[in-house]
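# Observations on the model geometry
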Amino acid sequence: MWLKICGMTTAAAVEAALACGVDAIGCVFAASVRRVTPQAAVLLTQAARGRAQCVAVMRHPTQADVDEVVKVFRPDLLQSDAADFAVLRLPATLGRLPVLRSAAAVTEPLPPRLLFEGPRSGSGALSDWDAAAALARRAQLVLAGGLHADNVTAALAAVRPYGVDVSSGVELEPGVKDPQLIGRFVAAVRRAAAATTSEV
């Protein structure tokens, strides 16, 4: 189960995520209470390099915005709306994580890996699990949107995704991650993933 903690704003949150062995951490460069500068993101993710993938999270960025983030932050993956990738010039070595949202039209052909979330990023709104489950049968789907330690078990059972992504569900308040909530979420994901695997 691929696991990403998104919207990092403090070194303590990054360290907590790394201690739990997450696969990826995300820094937001779009309009958000979690927005950081590329320079701040470099400092936040120093400990993560070589231990987890660093994801640049954007939405409808300009080419200049992307160029700056790529040059300064040096992300492993770029996460942005699926339509954005059709107009951006990106390094061949940069991984892509296209975002599809609940109630939005599904782009065809479907990307081999995608992130599926609720109608608005970072809002804590649940995504459409039925729609997500249908997409998860066709692609490696990373489920996001309103997930937290108390509902992720049900989410994994309903959707059977490739991975999960959480942000507001491990926060004490918007933009402030809690190391204990990160630990609880990761533990819940691992238990649920192990139970799902044992059922196969």
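Residues numbered from 1 in each chain as written. Predicted model: local features only at pLDDT ≥ 70, side-chain atom pairs only at ≥ 80, totals over all residues. Heavy atoms only, no water.

### Re the pattern of salt bridges
For the coordinates displayed, the defined rule picks out 7 salt bridges. Its salt-bridge partner being Arg59, residue Asp81 comes within 3.3 Å of it at the nearest N-O pair. Taken together, the positions of Asp81 in strand 4 (residues 77–81) and Arg59 in the loop between strand 3 (53–57) and helix 3 (63–73) put the pair 22 residues apart, joining distant regions of the chain. A salt bridge links Asp81 to Arg101; the shortest N-O distance between them is 2.7 Å. On the criterion of sequence distance, the pair formed by Asp81 in strand 4 and Arg101 in strand 5 (residues 95–101) is long-range, its members being 20 residues apart. According to the relative accessible area criterion, Asp81 is buried, its value standing at 10%. Each member of the salt-bridge network shares a partner with another, and the members are Arg59, Asp81, Arg101 and Glu117. (Salt bridge = Lys/Arg side-chain N within 4 Å of Asp/Glu carboxyl O. Helix = DSSP H or I, 4+ residues; strand = E, 2+ residues; numbered from the N terminus. Buried < 20%, exposed > 50% of the residue type's maximum accessible area, 1.4 Å probe, protein only.)

### Details of the pairing of strand 6 (residues 113–117)
The side chains of a regular strand alternate between the sheet's two faces. Most of strand 6 is tucked away, with 4 of its 5 residues classed as buried. Here strand 6 runs beside strand 7 (residues 140–143); their pairing, made up of 4 bridges, is parallel. Pairing of Phe116 across the sheet is with Leu143, part of strand 7. (Pairing = 2+ DSSP bridges.)

### A few points about the packing of aromatic side chains
Across all of its chains, the model carries 1 aromatic pair by this definition. Cation over ring: Arg49 sits above Phe73, and NZ or CZ is 5.0 Å from the ring centre. (Phe/Tyr/Trp six-rings, centres within 6.5 Å; stacked < 30°, edge-to-face > 60°. Lys NZ or Arg CZ within 6 Å of the ring centre and 35° of its normal.)

### Regarding helix 1 (residues 11–19)
The set of residues buried in helix 1 consists of Ala13, Val14, Ala16, Ala17 and Leu18. Looking one or two places after helix 1, you find Gly21, whose phi comes out positive at around 75 degrees.

### Considerations on the pairing of strand 5
When you tally the buried positions in strand 5, you get 5 out of 7 residues, the bulk of the element. Of the pairings in the sheet, the one linking strand 4 to strand 5 comprises 5 bridges and is parallel in character. Opposite Ser80, over in strand 5, you have Pro98 as the bridge partner. In terms of strand pairing, strand 5 meets strand 6 through 3 bridges, oriented parallel. Residue pairing in the sheet places Val99 in a bridge with Leu115 of strand 6.

### With respect to the environment of Pro179
Relative to the helices and strands, Pro179 resides in helix 6 (residues 179–199). Residues Pro179 and Ala47 lie 132 residues apart in sequence; the distance between their C-alpha atoms is 16 Å.

### Some details on the sheet that holds strand 5
In space, the 8 strands of this closed barrel follow the order 1-2-3-4-5-6-7-8, with parallel pairing throughout. Direction aside, the axes of adjacent strands within the sheet are offset by 25 degrees on average. Pairing of strand 7 with strand 8 (residues 163–166) involves 2 bridges; the strand directions are parallel. In the sheet register, Val142 faces strand 8, and the bridge partner there is Gly163. (Axes fitted to C-alpha atoms, helices over the stretch in contact; angles between N-to-C directions.)

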